[in-house]
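An overview of the molecular structure
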Amino acid sequence: MIDFIVRRLIAIIPVLTVVAILVFLMLRLTPGDPAAVIAGDNATSDQIADIRTKLGLNEPIWTQFVIWIGDMLQGNFGESFFFKKTVAELIAQRIEPTLALAVCTLIFAVGISVPIGVLAAYRQGSLLDRVVMGFSVVGFSVPGFVIGYCLIYVFAIELGWLPVQGYIRIGVNFWGFLERMVLPSLTLSVGFIALISRITRASVLEVLNEDYIRTARAKGLSNRVVLMRHALRNAAVPILTVIGLGIAILIGGAVVTESVFGLPGLGRLTVEAVLSRDFPTIQAVILMFSVVYVVVNLLIDISYTLFDPRIRY
Amino acid sequence: MSATIEDVVDSASISAASTKRRSLWLLAIRNPNVIIGGTILAIMLLIAALAPVLGTIDPTRIDPAGRNKKPGTEITYRLDDGTTAKRVAIMGTDSLGRDVYSRVIYGTRVSLAVGVAVAIIAVLIGTVIGLISGYVRWLDGIIMRIMDGLMAIPGILLAIALVSIWRAGLITVIFAIVVPDVPRVVRLVRSVVLTVREEPYVEGAISVGTPTWILMFRHILPNTVAPLIVQGTFLAAAAILVEAALSFLGIGIPPEIPSWGNIMAEGRTLFRVFPHNIFFPGIFLALTVLAINIMGDGLRDTLDPKMSKKV
Amino acid sequence: MSIETKRPVLEVRNLSVSLPSGADRVHAVEKVSFTVSPGEIVCLVGESGSGKSVIAFTVMGLLAKALKPTSGEILLEGENILAADESRLRELRCTRMSMIFQEPMTALNPVMTCGEQIDEVLNTHTKLDAAARKAKIIAILARVKLPEPERIYGSYPHQLSGGQRQRIMIAMALVLDPVLLIADEPTTALDVTTQAEILKLIAELQDGQGTGVLFITHDFGVVAEIAHRVAVLRWGELVEMGPTEKILSRPEHSYTKMLISSVPSIHPVHRDVRKDGPTVLRTEKLGKTYSGSGFFQKARVVKAAVDVDLDIRRGETLGIVGESGSGKSTVARCIARLIDPSEGKIFLGDTEIATMKASKLRPHRRRVQIVFQDPYRSMNPRITIGESIIEGPMNFGLKRDEALARARKLMETVRLDPNSLDRYPHQFSGGQRQRICIARALAMEPELLIADEAVSALDVSVQKQVLELLDEIRVRLNLAVLFITHDLRVAAQICDYVAVMSKGRVVEYGSAEQVFGSPKDDYTKALFAAAPGRNWEFGKFAA
């Protein structure tokens, strides 16, 4: 077990290294002088020269990478010349709305999609199944911002039940926070629910075809017991895997959703940084999201051992 | 040995075997999902092709007098020769007075072009890398580590990053969407190659001295066609969505080009008063992506070897 | 004690089960009637597609939805279970009737311990408390002769061997002493020595409890070993039924006669072994070691083949027999250089090919050809069989029309219609495909033909034809043949020499008559002793 965790931990090192190299190269591949690019459009030549020595841009590229990765590992993400703050401060400021949005969406989406996926599989071919599958295709196809605006139009503008946009910190006014989380989470959930309900259905269906399900039925167990005790636990690993991979969709969706609902989160920060060509911020945000994504998937890998004893080797 | 019994036994198995495997492609085009999705998609293609003759005007034409009109408003245009003409803006106009209907119709071209281009380029690049990875052992490790790294960066973020490096434009947006898709194709092709090369018929071909490149093109590559078509369909659908999202965020295709994402981006500020700027392109966008996804589902059900084996 | 006088535990009357429309016939099972008495083992025997498993699943009420019983009755102790509803069926399962399946590796839930899985049966069907249930489970685990029942109780299926898992299945099936046990090819996936133990166990347990057993099999050796009565099925119809001794020695129906005549004898035929042919293949201390690679993993070393010395002369067949994991296929694949051997030498004539580089090896590939086990995967489904056959000769420079002419001739050699060269593999049956594979191999005019379990996937009647064809070709073309099989009967009929492999080593090697007639090695003796039906000489009947 420990052995397994250690091996999984070691296995993410090459992945993260490659990510770091890619993010590092991103700036170096930009046409023009990286120092000038980092400094932004209104920088003085002194500022540029300062950045050049700081990043070792006169050194060979390997040295530059070592300097850069060293900075990143120490949490020193550089300075945003556009926002006039260190990137670390920026991220700290902007992380709450994104985290809140992600957590609300995850809870909501998983809570809905797994049960309906299981039901759809259990009643394969029924009306319910077709509705779930139909919803799932539509959910894949309608872009998040269109859904977001539809929801705003109906619930905020026409019905006036919920605020249109904006964010209130969870510590300031919890009720206000919740009110402003409902529509964004709903928006972001649609694609996620579509994905997970579909995979849940497929995994459960696949498990229901296994020989041991036939054995369970030959024991005289009721359909409910066969489904809950035998099928679902075996389907858990693929479902978890997709929830993990879905985090990427969640992150991508957060960028769009935050823009629609005016949430001052990391997604919005990314867009602002791109629009102002603020490269230290872009790099840091991408690196951070990728690390989160990899680590969440690592945790999910490790959690497999709870569901499948064969993995404990 | 009795010939009659042999004949009987074998003819029974022949009929059993031949019912098992009809032409997959024939099944695919008869699949209701493929028909429905394909029909909608064909209509969209037609709209894209016939955009100039569908009662549209120049989608980039700015008309300060006709700004922010609701759908159905009659607008008087001053033509180049000085005369005026009346025209009903069935989808209204935007804040620059551009005709939304014309922009939406022309936007079909952009979206479909992005979808098709991304799918084809990603599949081509991914197939080449996947074949190399599946066949050249010493390169496999390196390639797959790079692909793992690429996959570890959430797709839209990677596209956003690439757009920010390359500066926006149709071609750069297409490539920015291609890059995150490539690893998915590579993995698919590689896994097919690794599976198929263990098949006895490939080993049989090796033992009759078939050179590697024939082995590849005759015995291995054809197995990737069906899954790649399915994958390519889904990639096209996703690419259209990503392009729309990038343009919507203002970091995609330059705003003067009429893409659905751009129309919506333009309509954001006045959304409360003039929601049509978002809804009309939104409906077209959703319908197109839906059509491709439905078709993809149908294709996967019929072409994906895993599914067809179970039936 | 006469078993016929008791009331039967199972009575199947006039049972028909329909296939979904579009299948190659209307009924999976048609008007089948038979009975199983208490304490009796009835074998349903037939080739693939005979409907034998469909009957088993119909009795349990576990038929796939596409299949529907259309007429007849199934009486379990007098109760018609075709008319029973789902909840009544659930009550009956595992209490009055139980079933064990073919694939012990997949029949148990991988995420539950064996104990939990048996406990479910007791929990569902009895009111015993936890302690009583556990005691009962430990007792049944001991009865099916599993070592350390306490440890097995807490083990997961993947920690057990195939034979042990089948014992768990049997324990689960018999824990509530049902009157009927249905066994659907329960030993087909097991090695021959394990098979013998499981058969013995089933016979002992049912005899002790007076359980009626409906035993599904395709193997007449198993029938001879275990059955009291036999029912022979063909295409869903029961062609003949009677006591085992009568069916095996005095079959009446021509189909039964043909089937029994096709069963290879376990006693080798006398073959004139010539010692004069030139040596085609010789291996010297051939070995293959697999090591689990990867930076962070513990190196796991598996010695698949160790110090294998073999030689084959022209016109001879050398058989390698062994159980799964014995390394017999590894040796074959090394010789065909589909995998690279780790140690030793392979001489093809005078040429050493074990360490030869791929580019240099190519001209020698022609000299060794291989026919694989699975006739459904041995040919590229996308190209015609003609293209498959001529691919090799054309690789070596033969012109297309010459290659085609050769292919047509070879089709005649393997007794297939030369005009069907433009057909695709899926249009042929398994036996026909195996002939095509033989033709493809012969098109290369090889010196050595390797048959890697080439007849194992075939029904016994088709198997017989392919074996005869192989032997005929060997004689006519004066070929050296390396025949890999797990089936001792097949080996006895086709081999001049036999090498018995176990755990990667050749434990006994000699002429077929010598090895089968007076085995010296303990493992060989055990292997032969386990062969089902070894004491029964299957007669040859005119059809």
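Each value, and the rule that gives it
Residues numbered from 1 in each chain as written. Chains lettered and ligands numbered in written order. Predicted model: local features only at pLDDT ≥ 70, side-chain atom pairs only at ≥ 80, totals over all residues. Heavy atoms only, no water. Phe/Tyr/Trp six-rings, centres within 6.5 Å; stacked < 30°, edge-to-face > 60°. Helix = DSSP H or I, 4+ residues; strand = E, 2+ residues; numbered from the N terminus. Buried < 20%, exposed > 50% of the residue type's maximum accessible area, 1.4 Å probe, protein only. Pairing = 2+ DSSP bridges. Disulfide = S-S within 2.5 Å. Lys, Arg positive; Asp, Glu negative; His and termini not counted. Salt bridge = Lys/Arg side-chain N within 4 Å of Asp/Glu carboxyl O. Contact = heavy atoms within 4.5 Å. Axes fitted to C-alpha atoms, helices over the stretch in contact; angles between N-to-C directions. Core = buried A, V, L, I, M, F, W, Y, C linked by side-chain atoms within 4.5 Å. Domains from an automatic or database assignment. Parallel < 35°, antiparallel > 145°, perpendicular 65-115°, else oblique. Left-handed = near helix turned anticlockwise from the far one by under 90°. Nonpolar A, V, L, I, M, F, W, Y, C, P; charged D, E, K, R; others polar. Buried area = accessible area lost by both parts, 1.4 Å probe. Polar contact = N/O pair within 3.5 Å; in protein donor to acceptor, adjacent residues only side chain to side chain. pLDDT = per-residue confidence, 0-100. Expected span 1.5 Å × (residues − 1). Bend = angle between axes of the 7 residues up to and from the residue.

This paragraph deals with the packing of aromatic side chains. All names here are of chain A. For the structure on display, the rule yields 14 aromatic pairs over all chains. Each ring, one from Trp62 and one from Phe65, has its centre 6.4 Å from the other, and the planes form 85°; the classification is edge-to-face. Here Trp62 and its partner Phe65 are both found in helix H4 (residues 61-73), 3 residues apart, which amounts to about one turn of the helix. Assessed through its relative accessible area of 64%, Trp62 is described here as exposed. What makes Phe65 buried here is its relative accessible area of 12%.

Here we come to the pairing of strand S19 (residues 497-502) of chain C. Residues and elements named next belong to chain C. Of all 6 residues in S19, 6 are buried; the element is thus mostly enclosed. Side chains of S19 alternate between two faces, with Tyr497, Ala499 and Met501 and Val498, Val500 and Ser502 buried alike. The pairing of strand S13 (residues 317-321) with S19 spans 4 bridges and is classified as parallel. When the sheet's bridge partners are listed, Leu318 is paired in S19 with Tyr497. Pairing between S19 and strand S20 (residues 505-511): 6 bridges, direction antiparallel. In the strand pairing of S20, Ser502 is matched with Arg505. Connecting S19 to the antiparallel partner S20 that follows it, the hairpin turn spans 2 residues, and Lys503 within it adopts a positive phi of roughly 50°.

Residue and element names in this part refer to chain C. Summed over all chains, the structure comprises 0 disulfides over all chains. The closest cysteine sulfur to the non-disulfide-bonded Cys334 is located on Cys495, 20 Å from its own sulfur. For the unlinked cysteine Cys437, the closest cysteine sulfur is that of Cys495, found at 20 Å. Assessed through its relative accessible area of 2%, Cys437 is described here as buried.

In this section: the side chain of Glu258 of chain A. Residues and elements named next belong to chain A. Inspection of the secondary structure assignment puts Glu258 in helix H10 (residues 223-261). Summary of buried charges: Glu258 has no salt-bridge partner, and the nearest side chain of opposite charge, Arg94, is 6.3 Å away. Look past the residues within four positions of Glu258 in its chain and what remains in contact with it is Thr98, Leu101, Leu263, Gly265, Leu266, Gly267 and Arg268.

Residues and elements named next belong to chain C. In space, the 6 strands of this open sheet follow the order S16-S17-S18-S13-S19-S20, with mixed pairing throughout. Strands at the two margins of the open sheet, each flanked by one partner only, are strand S16 (368-371) and S20. Averaged over all pairs of adjacent strands, the angle between strand axes in this sheet comes to 15°, irrespective of strand direction. The pairing of S16 with strand S17 (residues 448-452) spans 4 bridges and is parallel.

Let us now look at the nonpolar core. In terms of nonpolar packing, the biggest core is built from 170 residues, with Phe145 of chain A together with Leu285 of chain B touching the most fellow members. For this core, the element with the most residues is H10 of chain A, which contributes 16 residues. Formed jointly, this core draws a minimum of three residues from each of two domains, domain 1 (16-73) and domain 2 (99-307) of chain A. Among the nonpolar cores identified, the runner-up in size contains 94 residues, and Val59, Leu76, Val213 and Leu248 of chain C belong to it.

This brings us to the packing of helix H10 (residues 222-249) of chain B against helix H11 (residues 260-267) of chain B. When two helices pack together, their arrangement is given by the angle between their axes and by how far apart the axes lie. All names here are of chain B. Where H10 contacts H11, the two axes come as close as 7 Å, and the packing angle between them is 30°. Classified by the angle between their axes, H10 and H11 sit roughly parallel to one another. For the pair H10 and H11, the sense of crossing is right-handed. Within the contact between the two elements, H10 uses Ala244, Ser247 and Phe248 and H11 uses Gly261, Asn262, Met264 and Ala265. A breakdown of the residues in the contact of H10 with H11 according to their chemical character gives 4 nonpolar, 3 polar and no charged.

So, about the interface of chain A and chain B. Interface size is often expressed as the accessible area that is lost when the parts come together. Residue-level contacts link 45 residues of chain A with 40 residues of chain B. Here chain A packs against chain B, burying approximately 3,600 Å² in sum over the two surfaces, 77% of which is carbon and sulfur. Where chain A packs against chain B, one counts 1 salt bridge. Of the charged contacts in the structure, one is a salt bridge between Arg198 of chain A and Asp297 of chain B, with a shortest N-O distance of 2.7 Å. Here chain A is connected to chain B by 3 residue pairs in polar contact (both at pLDDT 80 or more). Where the side of chain A that touches chain B is concerned, the elements lending two or more residues are helix H1 (2-28), helix H6 (127-141), helix H7 (144-158), helix H8 (174-208), H10, helix H11 (266-275) and helix H12 (279-307) of chain A.

Another point: the confidence of the model for chain C. Residue and element names in this part refer to chain C. When pLDDT is averaged along chain C, the result is 90, and 97% of the positions lie at 70 or above. For chain C, helix H12 (residues 358-365) is the element with the lowest average pLDDT, namely 86, and strand S3 (residues 41-45) is the one with the highest, namely 95. Scored by ipTM, the complex comes to 0.86, with pTM at 0.85.

Attention shifts here to the domain arrangement of chain C. Taken as a whole, chain C is organised into domain 1 (1-96 + 178-239), domain 2 (108-177) and domain 3 (316-327 + 361-530). Once you take the C-alpha centre of each, domain 2 of chain C and domain 3 of chain C turn out to be 43 Å apart.

Turning our eyes to something else, we now look at helix H4 (residues 100-135) of chain B. Residue and element names in this part refer to chain B. In this model H4 runs 51 Å from its N-terminal to its C-terminal C-alpha over 36 residues, within 8% of the 52 Å that 1.5 Å per residue would give. The sharpest bend along H4 comes to roughly 25°, located at Tyr106. Within H4, 26 of the 36 residues are buried, which leaves the element mostly enclosed by the surrounding structure.

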